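An overview of the molecular structure
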Amino acid sequence: MEKIRVLLVDDSLLIRRALRECFRTDPEIEVVGVAESGLRALEQIEQLNPDVVTLDIEMPDMDGLETLRTLRARGSELPVIIFSKHTSHGASITMEALELGASDVVAKPVAHGGKGSPCEIVKRQLRSRIRALGRRRNRLAHFAHESKGLDNAEPTRIFTVNRPLSAVAIAISTGGPSALIEVVTQLSPALNVPIFITQHMPPVFTRYLAERLAAKGPLRAVEAQAGMPVESGVIYVAPGDFHMQVNDIGDQRLLALSQAPHENSCRPSADVMLRSLGDVYGEQLLSIVMTGMGQDGRNGCEYVKESGGIVIAQDEASSLVWGMPRSVIAANLHHAVVPLDSIAALINRNCKKITTES
């Protein structure tokens, strides 16, 4: 098996050495080069032809944002994982990078030693992303492998539910921010149901994601807060490191946040959200599992389906990583498989409620 070729880009010598050491004995990953600036990174990409790049944001000569912008202007679709500082400034710039086509983000450790050491962070987060994105580079072989035995994965562009739906749940991970922006910008301003999103991202980053969704689309979008009342026409983004749930309290529906144990190595976890929404909305819930690695959302969708709700999976061709949707389809939990560019229309068609109707 060919190793996944990785270029590490960071202006910190300590980080470059730590990352290289983490991958030194990895059977699937080979570090083919390192770069300390964006200009050097662009040279290395031309010379080394890596499969995946990890990219720092704040660097001399040319920062990560400009590096990514230049790369995409050249027509490159090379997977890029942003390795960003865990700060408000770093999170804001990282969101711009994700809009420009970065594949995912991993927050740099805030401490050294123990579980916060750079190598430990890499083991838990970077490796899995590099492997998923690196394998995807050979799309034909990857698709043939992933689709094998999934005869029920044929996409459809028009899917209609013959009953009113009162809420939308979206489970999403790698490749999520740019996909979410594409969906949100096409939503109808007349949409009158709440939308709940669990996107796998570190703390701080989810607040900026909510702000981006609010700025790009016609609906209000917020990072969820404990005790916040659920309102129609509002998008709620689960905050990093917290599970998001909804509880019926008297005649109100209120958001609840929890730092209960990780599920599927995730917090927030889509499974936690989907189980909660399945209890509250039952057959009136539309759940959509979009691009992302792993299987988060699969068990939650089983619960949603048992509760009478609708389950949609994003199709393979439009998913950056077809792990989460594939797990739902493989378990035959879906009602339809839908391309990215048809998801907003599906939501509008099935959930739009005009408030002036009597």
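Up top you'll find the structure we're talking about.
Described below are features of the structure shown in this document. Values in this document were obtained by computation on a predicted structure and should not be read as measured data. (Residues numbered from 1 in each chain as written. Predicted model: local features only at pLDDT ≥ 70, side-chain atom pairs only at ≥ 80, totals over all residues. Heavy atoms only, no water.)

Considering the overall build of the chain
Helix and strand content of the chain: 12 helices and 14 strands. Within the chain, the proportion of its 358 residues that are buried is 56%. Summed over all atoms, the accessible surface of the chain reaches about 15,000 Å², with 47% contributed by carbon and sulfur. (Helix = DSSP H or I, 4+ residues; strand = E, 2+ residues; numbered from the N terminus. Buried < 20%, exposed > 50% of the residue type's maximum accessible area, 1.4 Å probe, protein only. Areas by Shrake-Rupley, 256 points an atom, 1.4 Å probe, with all protein chains shown as cover.)

Quick notes on the pairing of strand S10 (residues 243-249)
Examined bridge by bridge, S10 and strand S11 (residues 252-258) share 7 bridges and lie antiparallel to one another. Counted as the bridge partner of Val246 is Leu255 from S11. (Pairing = 2+ DSSP bridges.)

Side note on unusual backbone geometry
Backbone torsion omega between Arg267 and Pro268 reads 15°, so that peptide bond is classified as cis. Of note, Pro268 is situated in the loop between S11 and helix H9 (270-281). Despite not being glycine, Ser265 has its phi angle at roughly 65°, a positive value. A relative accessible area of 71% means that Ser265 is categorised as exposed.

Details of the sheet that holds strand S5 (residues 104-107)
In spatial order, the strands read S2-S1-S3-S4-S5; together these 5 strands make up an open sheet with parallel pairing. The open sheet has two edge strands with one neighbour each: strand S2 (29-35) and S5. Each adjacent strand pair in this sheet contributes to an overall mean axis angle of 25°, direction not counted. Strand contacts of helix H2 (residues 38-48): strand S1 (4-9), S2 and strand S3 (52-55), with the helix running at about 140° to S2, the strand carrying the most contacts. (Axes fitted to C-alpha atoms, helices over the stretch in contact; angles between N-to-C directions. Contact = heavy atoms within 4.5 Å.)

Section: the environment of Asn152
Mapped onto the elements of the fold, Asn152 is located in the loop between helix H6 (139-147) and strand S6 (167-172). C-alpha of Asn152 to C-alpha of Val337: the two residues are 185 residues apart in sequence and 8.4 Å apart in space. Discounting residues that sit within four places of it in the chain, Asn152 has contacts with Ile329, Asn332, His334 and Val337.

Regarding the pattern of salt bridges
Tallied over the entire structure, the rule returns 19 salt bridges. Across the salt bridge formed by Arg24 and Glu21, the nearest N and O atoms sit 3.1 Å from each other. You can call Arg24 exposed: its relative accessible area is 56%. Where Arg298 meets Glu302, a salt bridge forms, and the shortest distance between an N and an O atom there is 2.9 Å. Linking Arg298 with Glu302, this pair stays in helix H10 (residues 298-306), spanning 4 residues, or about one helical turn. Among the charged side chains, a salt-bridge network with shared partners connects Asp26, Glu28, Arg127, Arg131 and Arg135. (Salt bridge = Lys/Arg side-chain N within 4 Å of Asp/Glu carboxyl O.)

Topic: the packing of aromatic side chains
Going through the model one piece at a time under the given rule, you end up with 2 aromatic pairs. Here Phe196 and Tyr236 contribute two aromatic rings whose centre-to-centre distance is 5.6 Å and whose plane-to-plane angle is 20°, an arrangement assigned as stacked. A residue pair is termed long-range when its members are at least 10 positions apart, and Phe196 in strand S7 (residues 195-199) and Tyr236 in strand S9 (residues 234-237) qualify at 40 residues. Summarising the burial analysis for this pair, Phe196 and Tyr236 share the class buried. The exposure class of Phe196 is buried, given its relative accessible area of 0%. Ring pairing ties together the aromatic residues Phe196, Tyr236 and Tyr281, which thus form one cluster. In this structure, Arg253 packs its charged tip against the face of Tyr281, placed 4.5 Å from the ring centre. (Phe/Tyr/Trp six-rings, centres within 6.5 Å; stacked < 30°, edge-to-face > 60°. Lys NZ or Arg CZ within 6 Å of the ring centre and 35° of its normal.)

Some thoughts on the nonpolar core
Ranked by internal contacts, the top residues of the largest apolar core, which has 64 residues, are Leu187, Leu213, Ile235, Leu286 and Ile347. With 6 residues, the single largest contributor to this core is helix H12 (residues 340-351). The residues contacting Ile235, other than those within four sequence positions of it, are Val184, Leu187, Ile195, Ile197, Leu213, Leu219, Arg220, Ala221 and Val222. (Core = buried A, V, L, I, M, F, W, Y, C linked by side-chain atoms within 4.5 Å.)

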